[in-house]
Amino acid sequence: MKPLSFWVPRPLFSAFLVLLWLLLVDSLAMGQLLLGIGFGITIPFLTHAFWPEQARISRPLPLFKYFIVLLRDILWSNLVVAGRILGPSRKLTPGFFTFPLELDDDFAITILASTISLTPGTVTTHYDAEGRTLLIHALHLEDEVEAIATIKDRYERPLKEIFQ
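Conventions used here
- Residues numbered from 1 in each chain as written.
- Predicted model: local features only at pLDDT ≥ 70, side-chain atom pairs only at ≥ 80, totals over all residues.
- Heavy atoms only, no water.
- Helix = DSSP H or I, 4+ residues; strand = E, 2+ residues; numbered from the N terminus.
- Expected span 1.5 Å × (residues − 1).
- Contact = heavy atoms within 4.5 Å.
- Polar contact = N/O pair within 3.5 Å; in protein donor to acceptor, adjacent residues only side chain to side chain.
- Pairing = 2+ DSSP bridges.
- Axes fitted to C-alpha atoms, helices over the stretch in contact; angles between N-to-C directions.
- Patch = residues over 30% accessible without salt bridge, like charges linked within 9 Å, V, L, I, M, F, W, Y side chains within 5 Å.
- Areas by Shrake-Rupley, 256 points an atom, 1.4 Å probe, with all protein chains shown as cover.
- Salt bridge = Lys/Arg side-chain N within 4 Å of Asp/Glu carboxyl O.
- Lys, Arg positive; Asp, Glu negative; His and termini not counted.
- Charge placed at Lys NZ, Arg CZ, Asp CG, Glu CD.
- Buried < 20%, exposed > 50% of the residue type's maximum accessible area, 1.4 Å probe, protein only.
- Phe/Tyr/Trp six-rings, centres within 6.5 Å; stacked < 30°, edge-to-face > 60°.

What follows covers helix α5 (residues 106-118). The end-to-end C-alpha separation of α5 is 18 Å, in line with the 18 Å expected for 13 residues at 1.5 Å each. Packing partners of the buried residues in α5 comprise α4 (60-86), β1 (95-100), β2 (122-128), β3 (133-138) and α6 (144-163). N-cap assignment for α5: the residue whose side-chain oxygen lies 3.3 Å from the backbone N of Phe107 is Asp105.

In space, the three strands of this open sheet follow the order β1-β3-β2, with antiparallel pairing throughout. Strands at the two margins of the open sheet, each flanked by one partner only, are β1 and β2. When strand polarity is set aside, the average angle formed by the axes of neighbouring strands in this sheet is 25°. Summarising the sheet, β2 and β3 pair through six bridges and their orientation is antiparallel. Within β3, the position partnered with Tyr127 by the bridge is Leu134.

As for its placement among the helices and strands, Leu34 is situated in helix α3 (residues 30-47). On a C-alpha basis, the gap between Leu34 and Val18 in space is 8.9 Å, while along the polypeptide they are 16 residues apart.

All right, on to a negative patch on the surface then. Side chains of Glu142, Asp143, Glu144 and Glu146 sit close together on the surface and give a patch of like negative charge. Structurally, Asp143 can be placed in the loop between β3 and α6. On the basis of relative accessible area, Asp143 is assigned to the partly exposed category, the value being 37%.

One pass over the structure, following the stated rule, counts five aromatic pairs. Ring centres of Tyr66 and Tyr155 lie 6.1 Å apart, and the angle between their planes is 75°; on these two criteria the pair is classed as edge-to-face. Of this pair, Tyr66 sits in helix α4 while Tyr155 sits in helix α6, placing them 89 residues apart in sequence. Note on Tyr155: relative accessible area 6%, which makes it buried. Here the aromatic rings of Phe107 and Phe163 are separated by 5.6 Å at their centres, their planes lie at 75°, and the arrangement is edge-to-face. Placement of Phe107 in helix α5 and of Phe163 in helix α6 is noted, with a sequence separation of 56 residues between them. Phe107 sits in the partly exposed class, given a relative accessible area of 39%. By way of ring pairs, the aromatic residues Tyr66, Phe67 and Tyr155 are connected into one cluster.

Structure (structure tokens):
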């Protein structure tokens, strides 16, 4: 008899897929629940060979704090970007800058790049694995050194603490 982890290699992802399906169809009917469970088991089972190793979170409490900081930054950045876009265009100084990475865990780097892109006004455009850098575009870039320091303090150091 095969263990449960063989049939459901990513149980949290499976549960997420079931919940997502039920939200998408906006129904709690038994047929929809069974279909969602089918998707929740089948999709991770068929794709588990393509997934990287599961992330190892060494400290979960800082992860909760990280999400709170991220949500606050997303809300604040939305207001700042809206003000800059609705204001005179001369206030915008877009630009690219290179962010040197201290992280070495691929999953943590992915989370950092996603975090940067989720925060309005910035987007990660390229990851250089050899040079260990991210190329970031900012809608309004006044001081590159300050932008790098902010990302390091608010996102990279906490991720390093969480995953390493």
